[in-house]
Amino acid sequence: MTGSRATTPTGATPPVRSRFGRWRDQALALGWLVLVWNLLWGSINFANIIGGLLVGGAVLVFFPLPAVSFGGRLRPGALVAFAGRFVVELVSASLHVARIAVQPGYRPRGAIIAVALRVPTDLNLALTAEAVSLVPGTLILEVDRESATLYLHVLDTHGPADLALSRERTLDVERRIVRAVGSAAELRRVEPHPAEKGNSQ
């Protein structure tokens, strides 16, 4: 009997791992939905967390998302850094849009740009698109899964330099997300090569 067990390539362990992976992915999706819910309300408190759990749970039950595998690694320090930087950008962009709204006679020019992400996973596309859309002044118009490209509308642009800056900001959001929850291989995709760092200095 021991010989037959040793030669069996499949057993109880793989299904358990698969089930654990599905639960982990669902928990990660629920966590992000709760975070987005609180950001939309503008404050994080007990009532919003409970409301986010209820709404997020209903979304996952009645509108199941496609299977998205998470092969990354959660880095608490990078996650805190991402959240802090996101709050700063959120406040700065809100003040900028508010200034445009109250400025008499000013008509801001908008533009549509395409940003090709470097990590072509569904999870990275979703997280980057969500983080970019939550910042006032930018809006995701379309996501091309095949080429991992985000098409977004940018408010108040004055020339090619502003468009290049918007692309770099989007790629920087992707970089910070990958630093927080990406795998080592994904991290190598978004981090500049040491030679490039030397050349840019």
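Novice: Explain the packing of helix 4 (residues 76-102) against helix 6 (residues 160-181) residue by residue, including any values.
Specialist: Closest axis-to-axis distance for the helix 4/helix 6 pair is 8 Å, and the angle between their directions is 150°. Judged by the angle between their axes, helix 4 and helix 6 are roughly antiparallel. Read as a crossing pair, helix 4 and helix 6 show a hand that is left-handed. Two secondary-structure elements touch here, helix 4 through Ala78, Leu79, Phe82, Arg85, Phe86 and Glu89 and helix 6 through Asp172, Val173, Arg176, Ile177, Arg179 and Ala180. Tallied by class, the residues present in the contact of helix 4 with helix 6 amount to 7 nonpolar, no polar and 5 charged.

Novice: Got a sec to walk through the nonpolar core? Specific residues and values, please.
Specialist: Judged by nonpolar contacts, the single largest core of 21 residues is most densely connected at Leu150, Leu152 and Ile177. Breaking this core down by element, the ones donating at least two residues are strand 1 (111-116), helix 5 (122-133), strand 3 (149-154) and helix 6. It is helix 5 that provides the largest number of residues to this core, a total of 6 residues. Discounting chain neighbours no more than four positions away, the residues touching Ile177 are Phe82, Asn124, Leu127, Thr128, Ala131 and Gly182.

Novice: Break down the sheet that holds strand 2 (residues 138-144) for me, with residues and values.
Specialist: Pairing between the strands of a sheet is mediated by backbone hydrogen bonds and can be parallel or antiparallel. Spatial ordering of the open sheet is given by 1-3-2, a layout of 3 strands whose pairing is antiparallel. Strands with a single pairing partner mark the edges of an open sheet, and in this sheet they are strand 1 and strand 2. Pairwise comparison of adjacent strand axes, ignoring direction, gives a mean angle of 25° for this sheet. Both strand 2 and strand 3 contribute to a ladder of 6 bridges, which runs antiparallel.

What counts, and where the lines are drawn
Per chain, residues are indexed from 1 in the order of the written sequence. Since the coordinates come from a predicted model, pLDDT governs what is reported: local features require at least 70, and pairs of side-chain atoms require 80 or more to be given and counted, while whole-chain, interface and lining totals use all residues. With hydrogens and water stripped out, all remaining heavy atoms of the structure feed into the side-chain values. What counts as an axis is a line fitted to C-alpha atoms, over the stretch in contact for a helix, and the angles between N-to-C directions run from 0 to 180 degrees. Runs of H or I in DSSP of at least four residues are treated as helices and runs of E of at least two as strands, each being numbered from the N terminus. Every angle not falling under 35 degrees, over 145, or within 65 to 115 is termed oblique; those three ranges are roughly parallel, roughly antiparallel and roughly perpendicular. The crossing is said to be left-handed when, going from far helix to near helix, the turn is anticlockwise and less than a right angle, and right-handed when the turn is clockwise. Here, residues are in contact when the closest pair of their heavy atoms is within 4.5 Å. Each residue receives one of three labels: charged for Asp, Glu, Lys and Arg, nonpolar for Ala, Val, Leu, Ile, Met, Phe, Trp, Tyr, Cys and Pro, and polar for the others, Gly being one of them. By nonpolar core is meant a set of buried Ala, Val, Leu, Ile, Met, Phe, Trp, Tyr and Cys residues that side-chain atoms within 4.5 Å join together. A simple rule labels every residue: compare its accessible area, found with a 1.4 Å probe on the protein chains alone, to the largest value its type can have, and call it buried under 20%, exposed over 50%, or partly exposed in between. Only strands that DSSP links by at least two bridges are regarded as paired with each other.

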